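The primary structure of each chain is shown beneath.
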Amino acid sequence: MDKKLKLNTLVFFVPLVILILTLSFGVAKSDLFIEYAKNANTWVLDHFDWLFVWSSFLFLIILGFAYFSSFGKIKIGGKDAIPILSKWKWFAITLCTTIATGILFWGMAEPLYHFHSPPTALGIPETSTLAATFSMSTLYMHWSVTPYGIYTVTGLVFAFSYYNLKQPFSLASILYPLLGESAHTRLGKVVDMICLYALVLGMSASLGAGIFAIAGGLDLLFGWSKSSLLLAFIGITIVLSFIISAISGLHKGISILSDLNAKAFILLAFFVFLFGPTAYILSTSGDALMDYFINFFPRSTDIGSGIDDQWQKDWTVFYLANWFAWAPVTSLFLGRIAVGYTVRQFIIFNLVLPALFAIFWMSIFGGASLFFDIDQGGSLFQIMNQKGEESVMFTVLANLPWGKLISLITLLMIFISYITAADSNVSAMSGISTSGISPDNPEAPLWIKVVWGTIIGTTAWLMISTTGIDGIRILSVLGGFPALFLVILVAGGLMRLIYGEMSGKIKES
């Protein structure tokens, strides 16, 4: 270990021990574990669903103030700071760090749920044109501006605190603009520990989804059954790959994989658009975009949305809780790579551009999924219910020219997609676990990265082998609960930064 770096013992071991105890209980008493977790999950959603919804909406307003105020002109790292990444690589890494396997796994599956079961209170007939419009509009709601607003608030505050205010590489630093030096008391270590625990669960849930997606593709393409052995082999391969990538650092593994994956995303999207149901995609996405803009305020605040309360909890709030669980630790990585760019550029590259890409992607893949489901009399929805969400994408691709080849390429994309998200977060988690991380010494020791990568893989494998992926998804939501209050405090700090600059108390160094 570097002389300047040492293990942050308390932050490293406390979440590790709690995680081991949680997993042990989950494996030994899986039924009881799921029951307790579901009850806790229900309590959180029943009492705090409004706070998840309103806070994420208000973050967008705060970011709007940050962009248009004089604070937006400040360069992260000071006026003489030099970017460590080109704008394309910055966008590619940001995009691949935040979406993981989500848009590949859910881009074609989620709209089928809303198409066949729209909220009862809206009175939309199932499988109607209105249901198709609603399902696509909902995709935009769940995957574009709102989640990226959460990431952008936390990432921006950390970037400014780390580079401009010279705070340490710690989650406590995102509280510094609001709490001052008190952020680095015991409270800061507690924040680090909670967020590490939450992110391990969140990443394990995402890894589980990735494992299932790859296994589903192999099943449909080659007839390989989703056995425990196959799931374990896929999981081990993914974990080894993202550990190697994280070990190689930002400018090698993470940068190269992100560049490759972003280009592959774009090429695959254009392929499906050109060789798929182009006219239907354009017409449905056009209607859905109009519906999204018209209903953005009511569905972002749940004021006059007309949507069932339970549907809102099962879908929108569920997603928001997951975004909140990921945001704090992800902010350390997003903030670290933004040096040399202005606050306004940060908002563009972390909010505006990724959200536009998400709308572009969901329009094509969601539209294609709906078209083939309608064209084939609802067979796609039936296949999803029988074989799982992971089967939808490969079934759709099979209807396109060179379907098997494109499916194989997509399998590789899913594999790389998780690696590019995981290695950046493993890098950030390892940095939290290490004292002495700085802009001049940004990488944690190798063995810490190996430990966290192994823990994530083991957690995912244990959960999908025993309690199933639903159990870890529930825990991921619970991880978003404490993160909700943390990010609200961070947003308060961002407001103080904006006000401080406007009142002359903060100046560009």
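Residues numbered from 1 in each chain as written. Predicted model: local features only at pLDDT ≥ 70, side-chain atom pairs only at ≥ 80, totals over all residues. Heavy atoms only, no water.

Chemist: Help me out: how do you make sense of the pattern of salt bridges in this one?
Modeler: Pairing between side chains of opposite charge can happen when their charged atoms approach one another. Considering all chains together, one arrives at four salt bridges under this definition. Across the pair Asp-309 and Lys-313 runs a salt bridge, and its minimum N-O distance is 3.1 Å. Pair noted here: Asp-309 and Lys-313 are both in helix α14 (residues 309-336), with a separation of four residues, about one helical turn. Classification of Lys-313 as buried rests on a relative accessible area of 6%. Beyond isolated ion pairs, a larger network of salt bridges with shared partners links Asp-46, Asp-309 and Lys-313. (Salt bridge = Lys/Arg side-chain N within 4 Å of Asp/Glu carboxyl O. Helix = DSSP H or I, 4+ residues; strand = E, 2+ residues; numbered from the N terminus. Buried < 20%, exposed > 50% of the residue type's maximum accessible area, 1.4 Å probe, protein only.)

Chemist: Would you mind showing me how to read the packing of helix α9 (residues 186-222) against α14 here?
Modeler: Helix-helix packing: each pair is described by the crossing angle between the helix axes and the interaxial distance. Direction vectors running N to C along α9 and α14 enclose 115°, while the axes themselves pass 9 Å from each other. By the angle class used here, α9 and α14 are roughly perpendicular. For the crossing formed where α9 meets α14, the hand is left-handed. Every residue of α14 that contacts α9 at Cys-195, Leu-196, Ala-198, Leu-199, Gly-202, Met-203 and Ser-206 is listed here: Ala-325, Trp-326, Pro-328 and Val-329. Split by residue class, the contact of α9 with α14 holds nine nonpolar, two polar and no charged. (Axes fitted to C-alpha atoms, helices over the stretch in contact; angles between N-to-C directions. Parallel < 35°, antiparallel > 145°, perpendicular 65-115°, else oblique. Left-handed = near helix turned anticlockwise from the far one by under 90°. Contact = heavy atoms within 4.5 Å. Nonpolar A, V, L, I, M, F, W, Y, C, P; charged D, E, K, R; others polar.)

Chemist: Would you take a moment to explain unusual backbone geometry for this structure?
Modeler: Residues other than glycine predominantly adopt negative phi, and peptide bonds predominantly adopt the trans conformation. Although it is not a glycine, Thr-127 sits at a positive phi angle of roughly 55°. By the element assignment, Thr-127 lies in the loop between α5 (110-116) and α6 (129-143). One non-glycine residue, Lys-166, lies in the positive phi region at around 60°. Residue classification places Lys-166 among the exposed positions, given a relative accessible area of 60%.

Chemist: Help me out: how do you make sense of the side chain of Ser-430 in this one?
Modeler: Along the chain, Ser-430 turns up in helix α18 (residues 403-432). Accessibility expressed as a relative area gives 0% for Ser-430, which makes it buried. Once you skip the residues sitting within four places of it in the chain, Ser-430 turns out to touch Ala-444, Ile-448, Lys-449 and Trp-452.

Chemist: What is the right way to read α14 from this model?
Modeler: Each α-helix winds once per 3.6 residues, and so residues spaced three or four apart point in a common direction. Along its 28 residues, α14 runs 39 Å from first to last C-alpha, staying within 8% of the 40 Å computed at 1.5 Å per residue. Remark: the principal bend of α14, roughly 45°, maps to Pro-328. (Expected span 1.5 Å × (residues − 1). Bend = angle between axes of the 7 residues up to and from the residue.)

Chemist: Looking at this structure, I do not really get helix α12 (residues 278-294). What am I missing?
Modeler: Helix length check: α12, at 17 residues, gives a terminal C-alpha distance of 24 Å against a target of 24 Å (1.5 Å per residue), a fit within 8%. Among all positions in α12, only Tyr-280, Ile-281, Thr-284, Ser-285, Ala-288, Asp-291 and Tyr-292 are buried. Projected onto a plane normal to the axis of α12, the buried residues spread over an arc of 125° and lie on a single side. Seen from the buried face of α12, the exposed residues on the opposite side, beyond 90 degrees, are Ala-279, Leu-282, Met-290, Phe-293 and Ile-294. (Arc of directions from axis to C-beta.)

Chemist: Honestly, the side chain of Ser-363 in this entry has me stumped. Any pointers?
Modeler: Checked against the element boundaries, Ser-363 lands in helix α15 (residues 343-375). A distance of 2.6 Å separates polar atoms of two side chains, one belonging to Ser-363 and the other to Tyr-140. Among the polar contacts made by the side chain of Ser-363, one reaches the main-chain carbonyl oxygen of Ile-359 at a distance of 2.7 Å. Those residues in contact with Ser-363, other than ones at most four positions away along the chain, are Met-136, Tyr-140, Ile-281 and Ser-285. (Polar contact = N/O pair within 3.5 Å; in protein donor to acceptor, adjacent residues only side chain to side chain.)

Chemist: I'm lost on the nonpolar core in this one. Help?
Modeler: Grouped together as the largest cluster of nonpolar side chains are 179 residues, with contacts concentrated most on Phe-242 and Trp-361. In terms of residue count, the dominant contributor to this core is α9 (17 residues). Other than its neighbours up to four places away in sequence, Phe-242 contacts Tyr-418, Ile-419, Ala-422, Asp-423, Val-426, Gly-453 and Ile-456. (Core = buried A, V, L, I, M, F, W, Y, C linked by side-chain atoms within 4.5 Å.)

Chemist: Honestly, the packing of α9 against helix α17 (residues 390-397) in this entry has me stumped. Any pointers?
Modeler: Where α9 contacts α17, the axes come no closer than 8 Å and their chain directions differ by 40°. Between α9 and α17, the crossing angle belongs to the class labelled oblique. For the pair α9 and α17, the sense of crossing is right-handed. Where α9 approaches α17, its residues Phe-212, Ala-213, Gly-216, Gly-217 and Leu-220 are matched on the opposing element by Glu-390, Ser-391, Phe-394 and Thr-395.

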